[in-house]
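Residues per chain, in single letters:
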Amino acid sequence: MTTSELTLPQTREKKGRTRRVMGAGKQLHAGPVTYVVLTVFALVSLAPLVWTAIAASRTDRRLAETPPPLWFGGNLFKNLEAAWDQAGLGTAMLNSTIVAGTITVSTVLFSTLAGFAFAKLRFRFSGFLLLLTIGTMMIPPQLAVVPLYLWMSDFGWSNQLQTVILPTLVTAFGTFFMRQYLVQALPSELIEAARVDGASSLRVVWHVVFPAARPAMAVLGLLTFVFAWNDFLWPIIALNQQNPTVQVALNSLGTGYVPDQAVIMAGALLGTLPLLIAFILFGKQIVGGIMQGAIKG
Amino acid sequence: MTSSKQALADPASSAEAASGSQPGAARGARGRGTPGQGPDSWRSRFYRWDMKASPYVFIAPFFVIFGAFSLIPLLYTAWYSLHNVQLSALDHQTWAGLDNYRNLLSSDFFWNALKNTFTIGVLATVPQLMAALWLAHLLNYHLRGSTVWRVVMLTPYATSVAAATLVFTLLYSWDGGMVNWFLHFFGVDAINWRESDIGSQFAVSSIVIWRWTGYNALIYLAAMQAIPSDLYESAAIDGANRWQQFLHVTVPQLRPTILFTVVVSTIGATQLFGEPLLFGGVSGSKGGSEHQYQTLGLYMYDQGWIIGNLGKASAIAWSMFLILLIVAVINLLLTRRLRKSQ
């Protein structure tokens with residue numbers, strides 16, 4: 001509903017305009033060649049995923065033979081079951097849902113608050129602090145993992161989910177994303193009006209900021225969930241196969257935990273499925289969010 | 001002290017705060033203690049405090065999390081890089097000075113990892129961004145079902161590094177792999193993608209290219225749609241064909257966006273880790289039998305958690321950071337020069 005507002009209202013307007021201007025190299029109707037090339041791009045994008053499903057429906061032996069299978073076999077459910085049980089993907093899916101869900105809720109909430117402060121409130125050092133926030137995006141995660149690992153061992157938190165949740169409770173990307181959105185989407189007069197009525201900051205946030213930010217919050221939530229679900233480096237250091245997230249379980253599969261290629265493919269398929277479903281349902285909003293972030297960034 | 005300065009720097013809030021507080025203060029000075037005024041002045045005091053403190057309260061969670069899980073660890077990593085820290089004896093940390101760094105600079109594996117990171121980074125980034133630019137150009141046409149095309153191009157982004165690499169590893173397998181089977185139709189002999197130098201690096205790069213091309217294309221597309229159409233109109237009047245328009249209007253207009261994606265991709269390439277790790281299978285952290293695709297990120301993981309030398313791993317992490325900073329400075333200088341030349 002509201003999220004569709006994010007898909008660039010100016011774009012539609014421009015399309016209408018340029019259609020009148022023939023000869024301009026923009027927004028022309030695509031010719032057949034364009035469709036052919038796009039189809040090739042689409043095939044390259046989708047083929048590995050389709051082939052994952054095909055491979056997951058075969059046997060390990062069949063996958064070692066030439067030519068490789070090009071159509072589905074009858075072993076899909078057997079392999080999915082094996083991946084679910086033997087590779088711990090059942091636990092992994094539950095854990096990933098908890099981890100990504102918590103990170104998403106908290107990132108969206110805290111990013112909206114910080115983004116609002118940077119977009120609309122005046123305070124000392126705000127410019128510098130915003131620059132610092134953006135600058136932190138350059139720091140590779142590798143720079144934190146050694147101390148985090150040592151502290152985690154000290155706390156006795158090895159293999160517990162909070163170790164992978166806590167470091168990403170709020171991100172610089174989310175803060176910047178919300179700031180860019182609220183700068184233009186939230187009229188300062190609304191805040192002033194609420195202030196004149198004597199509203200406290202919390203009331204302003206609840207009654208003015210959250211309603212205005214809702215479309216961007218939804219998109220940030222989707223992007224954050226994708227990011228958290230697919231996070232790799234820190235989870236494989238902090239967790240192991242006893243209590244894995246999906247990526248940790250897939251890593252175990254890849255390093256010989258279950259040496260059956262068909263089961264490995266079933267695992268890859270299972271681990272990707274939730275996000276594929278999300279893309280089918282909310283693809284338009286995710287695309288809009290990435291493009292929105294790009295324009296302002 | 002800071003609060004008074006802040007009120008000066010912030011005329012709107014100080015005016016509001018003043019208008020809120022003065023009636024109460026004036027009445028208080030007159031010494032009338034009627035019941036209604038107590039809460040009133042409390043409220044105005046709260047209001048003033050709220051105006052000043054709330055921005056800091058709102059940004060606090062980010063800076064607390066950043067401080068606790070990035071900044072302090074980053075400094076500790078520097079500290080550990082100057083120590084001998086072994087995974088097997090965590091309580092025995094001895095001062096090592098610059099030994100870890102000296103050790104790195106004299107290690108063939110470090111230079112090999114640095115070279116591989118660079119090669120794979122170039123192999124992954126350059127074709128990816130060029131393909132993304134082309135794809136964005138195509139998506140910018142008036143298409144039937146434009147949203148569907150965009151979502152389809154983004155689906156690889158939904159696939160995690162781990163899942164994508166597992167699939168690509170099978171596609172690239174020497175025996176019965178899809179890629180070799182496909183190539184044999186063109187008379188190409190089976191390539192041992194895992195063992196050969198350039199073959200394995202190309203394979204690892206292709207995973208990155210596959211996952212990120214659509215994402216970057218969307219970023220370019222957004223920027224393309226913001227280009228004013230009269231630029232194209234005047235180019236067309238000057239007799240520029242489509243290709244010339246693309247070269248002389250689209251690309252220069254996209255320059256800031258292209259630079260942005262180059263920076264982001266460079267950061268990503270420097271950290272490359274999951275793809276080579278899983279492409280290597282059981283002995284993944286070595287980056288192949290000859291370390292032919294061991295990247296810096298992988299080398300750090302190998303030294304830290306497989307071999308168990310966390311001090312050396314810390315030194316590798318800081319080396320990565322320094323390399324990124326150098327790249328950032330070069331980028332900044334290049335951007336300056338580009339701006340000046342315009």
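- Naming follows an unreviewed UniProt entry, where chain B appears as Sugar ABC transporter permease of Streptomyces doudnae.
- Per UniProt, chain B carries the Subcellular location (unreviewed entry) text "Cell membrane".
- A UniProt comment under Sequence similarities (unreviewed entry) is attached to chain B, and it reads "Belongs to the binding-protein-dependent transport system permease family."

- Going by the annotation in an unreviewed UniProt entry, the name recorded for chain A is Carbohydrate ABC transporter permease, with Streptomyces doudnae given as the source organism.
- We quote the UniProt Sequence similarities (unreviewed entry) comment for chain A here in full: "Belongs to the binding-protein-dependent transport system permease family."
- In its Subcellular location (unreviewed entry) section, the UniProt entry covering chain A states "Cell membrane".

1. Re the overall build of chain A
Alright, step 1. Assigned secondary structure in chain A consists of 14 helices and zero strands.
Alright, step 2. Mapped from its N terminus to its C terminus, chain A presents α and β elements in the order α-α-α-α-α-α-α-α-α-α-α-α-α-α.
Alright, step 3. By the burial criterion, 46% of the 297 residues in chain A qualify as buried.
Alright, step 4. Considering only residue pairs separated by 6 or more positions, chain A has 75% of its internal contacts joining residues 24 or more positions apart.

2. Here's the deal with the UniProt feature "domain: ABC transmembrane type-1" (unreviewed entry) in chain B
Alright, step 1. If you check UniProt for "domain: ABC transmembrane type-1" (unreviewed entry), the listed places come out as residues 114–334 of chain B in our numbering.
Alright, step 2. Along residues 114–334 of chain B, the helical share is 75% and the strand share 0%, with 23 Å between the first and last C-alpha atoms.

3. A few points about the pairing of strand β1 (residues 83–86) of chain B
Within a regular strand, the side chains alternate between the two sheet faces.
Alright, step 1. Two strands pair when backbone bridges link them, and β1 of chain B and strand β2 (residues 89–95) of chain B are joined in this way by three bridges, in the antiparallel orientation. Directly across from Q86 of chain B, in β2 of chain B, lies its bridge partner A89 of chain B.

Cut-offs applied
- Within each chain, residues carry numbers counting from 1 in the order of the written sequence.
- Ligands are numbered from 1 and chains lettered from A, in the order in which they are written.
- In view of the model being predicted, local features appear only for residues whose pLDDT reaches at least 70, and side-chain atom pairs are presented and counted only at 80 or more, with totals across whole chains, interfaces and linings using the full set of residues.
- UniProt positions are given in the numbering used here, feature names are shortened, and annotations may be inferred rather than shown by experiment.
- Helix and strand assignments come from DSSP, with helices taken as H or I runs of at least 4 residues and strands as E runs of at least 2, each series counted from the N terminus.
- With C-beta atoms placed from the backbone, the exposure class of a residue follows from how many other C-beta atoms lie within 10 Å of its own: 20 or more, buried; 12 or fewer, exposed; in between, partly exposed.
- Contact criterion: two residues are in contact if their C-beta atoms, reconstructed from the backbone, are within 7 Å.
- Strands qualify as paired when DSSP identifies two bridges or more between them.

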